Structure formats: C-alpha cells, structure tokens
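Here is how the chains run, residue by residue.
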Amino acid sequence: MFIILAVIWGIFAVISPGFLTISNIYRVVMFSTPLLIVSLAQNMVILTKGFDLTVGSLVSLITVIVSVMMDWKWPLAIIIVIALMVGLMVGAFNGVCVSRFKVDPFIITLSASFMLDGIALIIRPTPGGDIYPEFVSGIMLYVGDFPLGPLLIFIIVGTIGTLFLQRRYTGRLIYAVGCSEERALLRGINVKRVLLLVYILGGLLVSIGGLVYTAYIQVGDPRLGAPLLFASITAVFLGGTSVAGGVGRFPNTCAAVLLIGSITTFLFQIQVIAWYKYIINGVLLVMSAIFSKYVIEAAIRRGGA
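Residues numbered from 1 in each chain as written. Predicted model: local features only at pLDDT ≥ 70, side-chain atom pairs only at ≥ 80, totals over all residues. Heavy atoms only, no water.

**Considerations on the overall build of the protein chain**
So, point 1. In terms of helices and strands, the protein chain carries 13 helices and 2 strands.
So, point 2. Over its C-alpha atoms the protein chain spans a radius of gyration of 19 Å, differing by no more than 12% from the 19 Å that the globule rule assigns to 305 residues.
So, point 3. Here the C-alpha coordinates of the protein chain stretch approximately 55 × 50 × 30 Å along the principal axes.
So, point 4. Across the 305 residues of the protein chain, 53% fall into the buried class.
So, point 5. Taken as a whole, the protein chain presents about 14,400 Å² of accessible surface, with 71% of it coming from carbon and sulfur.
So, point 6. A gap of 14 Å separates the mean positions of the 19 positive and 11 negative side-chain charges of the protein chain. (Helix = DSSP H or I, 4+ residues; strand = E, 2+ residues; numbered from the N terminus. Rg over C-alpha atoms; globule rule 2.2 N^0.38 Å. Buried < 20%, exposed > 50% of the residue type's maximum accessible area, 1.4 Å probe, protein only. Areas by Shrake-Rupley, 256 points an atom, 1.4 Å probe, with all protein chains shown as cover. Lys, Arg positive; Asp, Glu negative; His and termini not counted. Charge placed at Lys NZ, Arg CZ, Asp CG, Glu CD.)

**Here we look at helix α5 (residues 105-123)**
So, point 1. The terminal C-alpha atoms of α5 lie 27 Å apart, and with 19 residues this matches the ideal 27 Å at 1.5 Å per residue to within 8%.
So, point 2. Residues of α5 that are buried in the fold lie against α3 (55-71), α4 (76-99) and α10 (191-217). (Expected span 1.5 Å × (residues − 1). Contact = heavy atoms within 4.5 Å.)

**A look at the packing of aromatic side chains**
So, point 1. Using the criterion set out here, one finds 7 aromatic pairs in the structure.
So, point 2. A ring pair is formed by Phe12 and Phe266, whose centres lie 4.0 Å apart and whose planes are at 5 degrees; its orientation type is stacked. Taken together, the residues span a long stretch of sequence, with Phe12 in helix α1 (residues 2-15) and Phe266 in helix α12 (residues 250-269) at a distance of 254 residues. Phe266 carries the same exposure label as Phe12, and that label is buried. (Phe/Tyr/Trp six-rings, centres within 6.5 Å; stacked < 30°, edge-to-face > 60°.)

**Points about the nonpolar core**
Nonpolar side chains in soluble globular proteins tend to end up buried together.
So, point 1. Counting residues in hydrophobic clusters, the biggest one holds 85 residues, and the most contacted among them are Phe135 and Leu165.
So, point 2. Tallying contributions element by element places helix α2 (residues 22-47) first for this core, with 14 residues.
So, point 3. Among all residues touching Leu165, those that are not within four sequence positions of it are Leu40, Met44, Leu47, Gly171, Arg172, Ile174, Tyr175 and Phe250.
So, point 4. Ile46, Leu53, Val236 and Phe237 belong to the second largest nonpolar core, which has 6 residues in total. (Core = buried A, V, L, I, M, F, W, Y, C linked by side-chain atoms within 4.5 Å.)

**Brief notes about unusual backbone geometry**
So, point 1. Phi at Lys73 is positive, roughly 65 degrees, even though this residue is not glycine.
So, point 2. For Lys73, a relative accessible area of 62% translates into the label exposed.
So, point 3. Its identity as a non-glycine residue notwithstanding, Gln218 has a phi of 60 degrees, on the positive side.

**As for a nonpolar patch on the surface**
So, point 1. Taken together, Ile273, Trp275, Tyr276, Tyr278, Ile279, Val283 and Met287 make up a surface patch of nonpolar side chains, about 780 Å² in accessible area.
So, point 2. Among the structural elements, Ile273 can be located in the loop between α12 and α13 (276-304).
So, point 3. Residue classification places Ile273 among the exposed residues on the basis of a relative accessible area of 52%. (Patch = residues over 30% accessible without salt bridge, like charges linked within 9 Å, V, L, I, M, F, W, Y side chains within 5 Å. Salt bridge = Lys/Arg side-chain N within 4 Å of Asp/Glu carboxyl O.)

**Re the side chain of Gln42**
So, point 1. Mapping Gln42 onto the fold places it in helix α2.
So, point 2. Setting aside its immediate chain neighbours within four residues, Gln42 contacts Phe51, Asp52, Val55, Leu229, Ser232, Ile233 and Val236.

**Things to note about the environment of Ile189**
So, point 1. With respect to the helices, strands and loops of the structure, Ile189 is situated in the loop between α9 (181-186) and α10.
So, point 2. Taking the relative accessible area as the measure of exposure, Ile189 reaches 12% and is therefore buried.
So, point 3. With 15 residues separating them in the primary sequence, Ile189 and Ile174 have C-alpha atoms 10.0 Å apart.
So, point 4. If we skip the residues at most four places from it in the chain, Ile189 touches Leu173, Ala176, Val177, Ala184 and Val194.

See below:
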C-alpha cells in the first residue's frame, strides 16, 4: 500500500508539479485526519466480520450537538464530555444488538444510521452554529499560522491504532474473533464481550472524529459526515483488510487514507469538479473488494494448507 501511495504521488507530481510541496502534503495529512480516526473504528469492526454504517451519521450528529450547545454557551468541557458519551451510547447500542441479540451488523447499524440522521435533522435542519474559537485553536494547535494539531493527531492515531491491534492482548482477541468465533469460544475467549468492546470503542473513536471535523468545518451540519462512511470502508478494504474478518494491518489503512486524501487534493489542484472523486473512490472500492476476495483469501488458504 505504501508503494502504491508513493507511485500515485509520483504520478500526481508529474501532472501537477506543486503536488509534492511540503505545504500540499501537509494539507493532505490535515484533511485525512478525521477520516483516519473514523477508519480505525471501521477497521476494528470489519476485522470482526462486521460493518458499522453509523460512522457518517454519528459524525454529523456530533457536529450538530456541539454546535447547538455552543450556541447555548455551555462550558467547553461539558460539551466534549457529552459528545463522547453520545458516541459511547451509540457504540454500546450497536454492540449489544450484535453481541447479545445476534442481529446482523449491517442491518442494525443501517437502522441506527437512519435514526441518527433523523435526530440530527430535528436538532438542526440546516447547517449553522458558532463554534468556540478556543475549541478550534485547541484542536488545530496553531504554531504561528501553522496548524500543528492535525499532524500530531494523525501520528498519534496511527501509532495507537497499530499498537493496539497488533501488539496488545485485546487487539489479538479482535483478530481471533474475526478469524473464527467458534475457535475463539473453544479457546475460552468471551466473544460477546470482545464484540461489545469493539463497537463501544468504535463509537468513541467516531465521536472524537466528529469533534475534530467540527473544528475543521466550524459549523454544525446534519449531512456533514455522510462521505466518511463510504470513504472509511474504501480505506479499510484498500488497505487489505478482508471482509471475511481476521486479516488486515492498520498501517496499510493509514496509507489508504492518505491515498484517498491525495486524490481529493489533486483533483482540487487541477481544478476538476469535486464530484469525480466519488467515481474514483467507487473504482478503488471495487478494486479493493476484488483484491480482498481473490488475493487475500487465496493467501489465507495457502497459509492454512
């Protein structure tokens, strides 16, 4: 994935010489940071053979809730705590339905996304709201005119996500459950607890992504997070995580997130209509799905043999 990213950057640099400037690469990282946070949540869920279709709707709801509470002049600490609690509650709802009641993750998260969309539209039907300047500056961490915060967040999320999934005991449990729930049960793993934890952590991460996105856009929008659902699934599959569960590395997802961000930035640079990015992302998703189906699963079968 990193080789592909380097090749694509080289092609973009030939077409648009200003693409590989430090300022432009940082712009790619900055606008990729919210997607990376959401993609970590999506990555964990897909590793357990699930899908979380609430990620975009939850981000939108977080921006709406934050903007409304800031209109009411609530203390910033309380606003952040409430936003995180909303993410935890949504994650817990999805997790309980999947782990306890054995509802298909696709169905329950799709249903929950409809509910979240409706709540967001009731709270704020149209974009609006005034975001606290101190909240924006706290996320962006300006050093002079340079926003250092997004780069630090990207590095921290990439590092923690990698260490958690590949180095920590809980991460290995997630992989074990994704490979085979039956074998995990035979090894004494509490599968229901692992699934519940995955969705709760996912909800918390998405709420954090919503807070970061709010600082970027500086407005509450009930439709703001919709593109993140498609983009997060594309990033996870493009990074090599298998829909069959139990296979995938988060660093590759990080590279895929940068690739998606690079495509958006490149199209903007060459003044191509932004809607083309959806066509390109759709092609990438189809290609990654085919790769996941035939290449990764074939490698798994050879390894098992």
